[in-house]
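The primary structure of each chain is shown beneath.
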Amino acid sequence: MTHEAAGVPTTRNDEDRQDNDRPDAPRPAAEAQDAPGAQDAPGTPDASGGADAAAGEAGGPEGAQPRPEARLARAVQVAEQALIEFEIAVETFRVEVENFSRLHHQKLGPMYTRLDELDALIAEARAARTGDPEDERKAREARAVVMPMPEVEELFHDWMDTDGLSPEAAAMLTEQAVRPPKRVRPSEEARKLYRELARKAHPDLAQDEPERQRRDEFIARVNAAYGRGDVDVLKELVAEWAAGPVQPLAPLSESEELYARLEWLSRRKELLTVLAKELEDGAIGSMLRMAPDDPDQLLEDIAEQLLGEVSRREAELAEMVQ
């Protein structure tokens, strides 16, 4: 940081100069150190001891080395700042890719669609002329590119099964009442497990409010499992209750917390690196890397090429249908 930034002037004013010209005026620190007896003055560190004094202020008594935790905390601070800058760079690039992708679709999408349509028309004209089954197959494939048909399951999700409309869908379409879910009659084992859990974990047995809240949440899970007649889950809940509440982890030392923070920062950096790699290697990211300074001109160049392809295909189709 410069002196100007810190608010310290680079030169002294005239009044300071006049004061220093007086015989009894105090001399600057550099002159005072050169004065006779200055090195013997109590409490005045020499040049070689300045660094040790600073270290003593940061890490403890004079002459002591900084604590390992202090150096580790500094490393964490540096890693945090580096990660923030990296995240900013990755997010900036992600936004650029997203914006360029939108512009690419808006400007070039209709041209790609027109090319696909012309390819389908050319293939269909060729198949009509030759009658070759292979040409007919290619024509169908070209048309499928222009008008892709989703699978039935994708269209209707859970509304259709192998027998047609599901009963629930048919009931809704015919304005009939939807069939209620099948009632489950819990087995004797499920009832036994439920009674055991209810007796042990009932909220009324709680001694304080946190314990009551824990029991309320646990009994809600018990009721849900019992309502489904799920014996396996009830057995798991019995074992969970017998194990008791989860004990809080022992507090970490300062060094352990700092090391854990460094590990998290490292993992986060790795994830961001993978994301950045995916963005760069994608189609749009690759195009942006081709023209980082003028991506708009790249779009113009691609559009011009596509227009030429459209013209050539239209001429080819015109010759085939004459």
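The structure we're discussing is the one just above.
Rules used throughout
Residues numbered from 1 in each chain as written. Predicted model: local features only at pLDDT ≥ 70, side-chain atom pairs only at ≥ 80, totals over all residues. Heavy atoms only, no water. Helix = DSSP H or I, 4+ residues; strand = E, 2+ residues; numbered from the N terminus. Expected span 1.5 Å × (residues − 1). Buried < 20%, exposed > 50% of the residue type's maximum accessible area, 1.4 Å probe, protein only. Contact = heavy atoms within 4.5 Å. Axes fitted to C-alpha atoms, helices over the stretch in contact; angles between N-to-C directions. Parallel < 35°, antiparallel > 145°, perpendicular 65-115°, else oblique. Nonpolar A, V, L, I, M, F, W, Y, C, P; charged D, E, K, R; others polar. 1 Å grid on protein atoms, 1.4 Å probe; cavity = no way out; pocket = protein on both sides within 12 Å on 5 of 7 lines; lining within 4 Å. Points joined across faces, edges and corners; volume = space filled by probe spheres on them. Patch = residues over 30% accessible without salt bridge, like charges linked within 9 Å, V, L, I, M, F, W, Y side chains within 5 Å. Areas by Shrake-Rupley, 256 points an atom, 1.4 Å probe, with all protein chains shown as cover. Salt bridge = Lys/Arg side-chain N within 4 Å of Asp/Glu carboxyl O. Lys, Arg positive; Asp, Glu negative; His and termini not counted. Charge placed at Lys NZ, Arg CZ, Asp CG, Glu CD. Phe/Tyr/Trp six-rings, centres within 6.5 Å; stacked < 30°, edge-to-face > 60°. Lys NZ or Arg CZ within 6 Å of the ring centre and 35° of its normal. Core = buried A, V, L, I, M, F, W, Y, C linked by side-chain atoms within 4.5 Å. Left-handed = near helix turned anticlockwise from the far one by under 90°.

**Q** Can you help me understand helix α14 (residues 295–320) in this one?
**A** For an α-helix, the turn length of 3.6 residues means that residues three or four places apart are oriented alike. Here α14 is 26 residues long and its end C-alpha atoms lie 38 Å apart, about the 38 Å a rise of 1.5 Å per residue gives. Along α14, the residues that are buried comprise L298, L299, I302, A303, L306, V310, L317 and M320.

**Q** Before we go on, may I ask you to explain the environment of Y226 in this structure?
**A** Within the secondary structure, Y226 sits in helix α10 (residues 209–228). Separated by 39 residues in sequence, Y226 and S187 place their C-alpha atoms 9.5 Å apart. Those residues in contact with Y226 that sit more than four places away from it in its chain are P186, A190, R191, Y194 and L234.

**Q** Help me understand the packing of helix α9 (residues 188–201) against α10 in this model?
**A** Angle between the axes and distance between the axes: these two values describe a pair of packed helices. Relative to each other, α9 and α10 sit at 170 degrees, their axes nearing to 11 Å. As judged from the angle between their axes, α9 and α10 are roughly antiparallel. When α9 is examined against α10, the residues A190, R191, Y194, L197, A198, K200 and A201 are found in contact with a partner set consisting of R215, F218, I219, V222, N223 and Y226. Here the contact of α9 with α10 is built from residues that sort into 9 nonpolar, 1 polar and 3 charged.

**Q** What is the right way to look at the layout of surface pockets in this model?
**A** A water-sized probe, rolled over the atoms, reveals where empty space remains. Its volume calculated, the largest pocket comes out at about 150 Å³. For the lining of the largest pocket, the elements supplying multiple residues, two or more each, are α5 (68–130), α13 (283–290) and α14. In terms of residue count, the dominant contributor to the lining of the largest pocket is α5 (5 residues). Partitioning the lining of the largest pocket into residue classes produces 6 nonpolar, 1 polar and 3 charged.

**Q** What exactly am I supposed to notice about the environment of S266 here?
**A** Positionally, S266 belongs in helix α12 (residues 254–281). Spatially, the C-alpha atoms of S266 and A79 are 8.4 Å apart, while their sequence positions differ by 187 residues.

**Q** I tried to follow a negative patch on the surface on my own but got confused; where do I start?
**A** A cluster of acidic residues, D293, D294, D296, D301 and E304, forms a negative patch at the surface. You can see D301 is positioned in helix α14.

**Q** Quick question: what am I supposed to make of the pattern of salt bridges here?
**A** Scanning the model with the defined rule gives 27 salt bridges in all. Between D119 and R313 there is a salt bridge, with its nearest N and O atoms 2.7 Å apart. In this pair, D119 is assigned in helix α5 and R313 in helix α14, connecting sequence segments 194 residues apart. On the basis of relative accessibility, which here comes to 21%, the residue R313 falls in the partly exposed class. Measuring nitrogen to oxygen at the nearest pair gives 2.7 Å for the salt bridge that ties R313 to E309. Taken together, the positions of R313 and E309, both in helix α14 and 4 residues apart, correspond to about one turn of that helix. The exposure class assigned to E309 is partly exposed, which follows from its relative accessible area of 29%. One salt-bridge network, held together by shared partners, links E91, R94, E98 and R102.

**Q** Looking at this structure, I do not really get the packing of aromatic side chains. What am I missing?
**A** By the definition in use, this model includes 2 aromatic pairs. Aromatic side chains Y194 and Y226 sit 4.3 Å apart centroid to centroid with 15 degrees between the ring planes, which places their arrangement in the stacked category. Residue Y194 is found in helix α9, and its partner Y226 is found in helix α10; the two are separated by 32 residues along the sequence. Seen from the ring of F86, K269 lies directly overhead, with NZ or CZ sitting 5.0 Å from the centre.

**Q** Would you take a moment to explain α12 for this structure?
**A** Taking 1.5 Å per residue as the helical rise, α12 with its 28 residues ought to reach 40 Å, and the 41 Å between its terminal C-alpha atoms agrees with that figure. Restricting attention to buried positions, one finds in α12 the residues L258, L265, L272, A276 and L279. Here the buried face of α12 lies against α5 and α13.

**Q** Any chance you could explain the nonpolar core here in plain terms?
**A** General note: in soluble globular proteins, nonpolar side chains tend to be found buried as a group. Counting residues in hydrophobic clusters, the biggest one holds 30 residues, and the most contacted among them are V97, F100, L108, M287, L298, I302 and L306. Residue contributions to this core peak at 13 residues, all from α5. Formed by 13 residues, the second largest nonpolar core is a distinct cluster that contains I219, A225, L234 and W241.

**Q** What's the story with the packing of α10 against helix α11 (residues 231–243) in this structure? I'm lost.
**A** With their axes 9 Å apart at the nearest point, α10 and α11 run at an angle of 160 degrees to one another. On the basis of their axis angle, the class for α10 and α11 is roughly antiparallel. Handedness of the crossing formed by α10 with α11: left-handed. Where α10 abuts α11, its residues E211, R214, R215, F218, R221, V222, A225, Y226 and R228 lie against V233, L234, L237, E240 and W241. Classifying every residue of the contact of α10 with α11 gives 8 nonpolar, no polar and 6 charged.

**Q** Would you mind going over the side chain of H104 with me for this structure?
**A** One can find H104 in helix α5. A relative accessible area of 15% means that H104 is categorised as buried. Beyond its immediate sequence surroundings of up to four residues, H104 is in contact with G109, Y112, I284, M287 and L299.

Interpretation in functional terms is not warranted from these geometric data alone.
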